[in-house]
Structure formats: structure tokens, C-alpha cells
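One letter stands for each residue in the lines below.
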Amino acid sequence: MMYKTLSITSMCLLGSLHLCGSAAQLSPAEQPSRQFMFDDFNYQSFNQAQKNGWMVRTETGHPGIKGAHWWKEGVTFHPDELNHANFVMRLTSKTDGTAINTRQTQVCHKRKYREGTYAARVYFNDQPQYGPDGDGIVETFYAISPLKAPMDKNYSEMDFEYLANGGWGEGNHALFATSWETFQLKPWTKVNQYDAVRNSLQGWNLLVLHAKGDTLSYYINGELFAQHGPEVFPEVPMSINFNLWFIQEQLVKNPAMRQYYQDVDWVYFSKDTQLTSQQVIEQVTHLRKNNVTHHDTVPDWSPKQDDYCSL
């Protein structure tokens, strides 16, 4: 099934929000009461992003190539190729198949998110910028809590994971929606629910997730493609994350360096609401028309959770 049929407003979004026409305004009733986080990633350096609650991972560990470095310098900001007035966040990762020369990237926001609407506009790549193609590469948007102990029942995680070269039992391309109850690394044991879209998603994609009641609903480009039930609904607050990593068992047998990237145009979270993909587009368009590049009224969790950027 192909998830490429979008409304006119959606197609406008996938071109350039700055060139869109008028969008639905926030109602007077919504403006003072809605708690939401929006970031347009309109930064020149990561130090600027850090002031708005973003962290970059440097701690070695799962997932990816065992012993690989998590690379702060791999998180950068660039003009949008279609509209140089718009900036995007870029995650760049590279490998030659060895742990010592592998660089993976992860960026995280504060641990204070649970029920609500999560959304991001993400550019997926099917091929490397340079070097041999074929590695198992995972391009992501997700929310996660720390795993306090193996098989911890209060662990929470909700993932969009795009495997540009396939993997995990799927073919050439796959986007996984995975909701986790818990897991342990050794021996590998997992409790989760997942679904997969089996086609190329090269280019810009709108990813939306509803976490409400006891149901998780995943949307790609306006189409519902996965729903998961109360067994995997998050119990604890999570951080919002993006990362780009390699699957250890699916590396090309080639010593040449190869480099991949994914771009993120913006990220949006609305607390305790269920907004359609169209409504998310309208809200983001409105914010951009009003030159809002960052907004965060989502309160800290009570009690406040320690910030972290790791597994």
C-alpha cells in the first residue's frame, strides 16, 4: 500500500510552508489553554538548540554497532534546499563497518511527554551521500523512557523507524511503527506490538502519532497505518528523540567509508489532544506565518524527570 495521497494543504507543506496560503487560526479558546511544544529548528548551531531543551547523545551503547561513537558533530543545521529561508536539522551518520570508525547520531528533548499528539516532518534517504549502498540503516522519530532494569514493566517507547535498505524480516524498504511494553538485551527478549509499511519513503514525510486513552495510532502522510492497544500504552513520561544508526548484522562487507543523513524540518507536540494530520499542518503553518520558531508550554513532569540522551 502506498501512502502518497495528500490534500492540497499537505502537498503545500511538503513543498514549503512559508509559501502556503492561509491556514486555520488557533481559536481564542485554544490559545491560552493549549500546552504544546513546537520547534522549527531555525538554528545556526547546536548550542542555540540546547538553550531550548535539546540534548545530543555522546554515551556509547545500544542500539547500533557495538562500541560505535555517538557523534555530537553529526547534528547540524542547514538551509532547506527548496527554500533557503527555511532551516532544517540534519542528522549525519557514517561507517566503514568497524566500531572505531562508526559515528551514529541522536538528539533528544526533555523527558516530559506522554499523552497527546506527536508530529514531525522528516526527510528520509534511501541511499548514502557517498560510499557503497546496502547497509542496514535506521532513520527515526520516537519517544522513549529509560530502561531502569531488564523487563521493566514501566518502560515506555513509541517508534517510527525507517529501514531504507530493509531488514528485520522485511524487504528492500520498510517503515516500522513499534510500541514497547519492555525488553532485555541479554538474552534478547521483547514485548511489543508493531506494523510495517513496505515501500520507499524517499523524501519528505509527515509522521503523526496519537497517544490517547489506551490506544496508540500511527499515521504516515495523513494515512493511518498502525494502531496498538493498552498492553503497550506508555506508563511513564518520555523524551522526544531522533536518531540515525546502523544495524550491526546488516553491514555491507566493504571497508570504504559511507555516510547517510536524515533531515527534520520541524517537530510538534500537543498535550492531551488528538489532532489530525491536517490540523497539525494548519497549526504549524499558523505558527510559521507568525514567525514563531520555538514555543514550549508543556510543563515539566511532576516530579520533574532528569534529562538524558541515551537508550
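Residues numbered from 1 in each chain as written. Predicted model: local features only at pLDDT ≥ 70, side-chain atom pairs only at ≥ 80, totals over all residues. Heavy atoms only, no water.

### A word on the overall build of the chain
For the chain, the count of helices and strands is four helices and 17 strands. Counting every position in the chain, which comprises 311 residues, the buried fraction comes to 55%. Residue pairs in contact within the chain that sit at least 24 positions apart in sequence constitute 73% of those at least 6 positions apart. A total of about 13,000 Å² of accessible surface is found on the chain, and carbon and sulfur atoms cover 50% of it. (Helix = DSSP H or I, 4+ residues; strand = E, 2+ residues; numbered from the N terminus. Buried < 20%, exposed > 50% of the residue type's maximum accessible area, 1.4 Å probe, protein only. Contact = heavy atoms within 4.5 Å. Areas by Shrake-Rupley, 256 points an atom, 1.4 Å probe, with all protein chains shown as cover.)

### Here's the deal with the pairing of strand S6 (residues 103-113)
With nine of 11 residues buried, S6 is to be regarded as a mostly interior element. By the bridge criterion, two bridges tie strand S2 (residues 55-56) to S6 in an arrangement that is antiparallel. Its bridge partner being in S6, Val56 is matched across the sheet by Val107. One ladder, built from two bridges, connects strand S3 (residues 69-70) with S6; its direction is parallel. The partner of Trp70 across the bridge, within S6, is Gln104. (Pairing = 2+ DSSP bridges.)

### Side note on the packing of aromatic side chains
Summed over all chains, the structure comprises 20 aromatic pairs. Both rings, one in Phe246 and one in Tyr260, keep their centres 6.0 Å apart while their planes meet at 70°; by these two values the pair is edge-to-face. Separated by 14 residues along the polypeptide, Phe246 in strand S15 (residues 238-246) and Tyr260 in strand S16 (residues 258-271) bring together distant segments of the chain. The two residues Phe246 and Tyr260 agree in class, both being buried. In textbook terms, an aromatic cluster arises when at least three aromatic residues are bridged by ring pairs, as seen for Phe41, Trp54, Phe141, Phe160, Tyr218, Phe225 and Phe242. (Phe/Tyr/Trp six-rings, centres within 6.5 Å; stacked < 30°, edge-to-face > 60°.)

### A word on the confidence of the model for the chain
Taken residue by residue, the chain gives an average pLDDT of 90. The fraction at 70 or more is 89%. In the model, residues 1-30 has pLDDT below 50 throughout and makes 58 contacts with residues more than four positions away in sequence or in other chains. (pLDDT = per-residue confidence, 0-100.)

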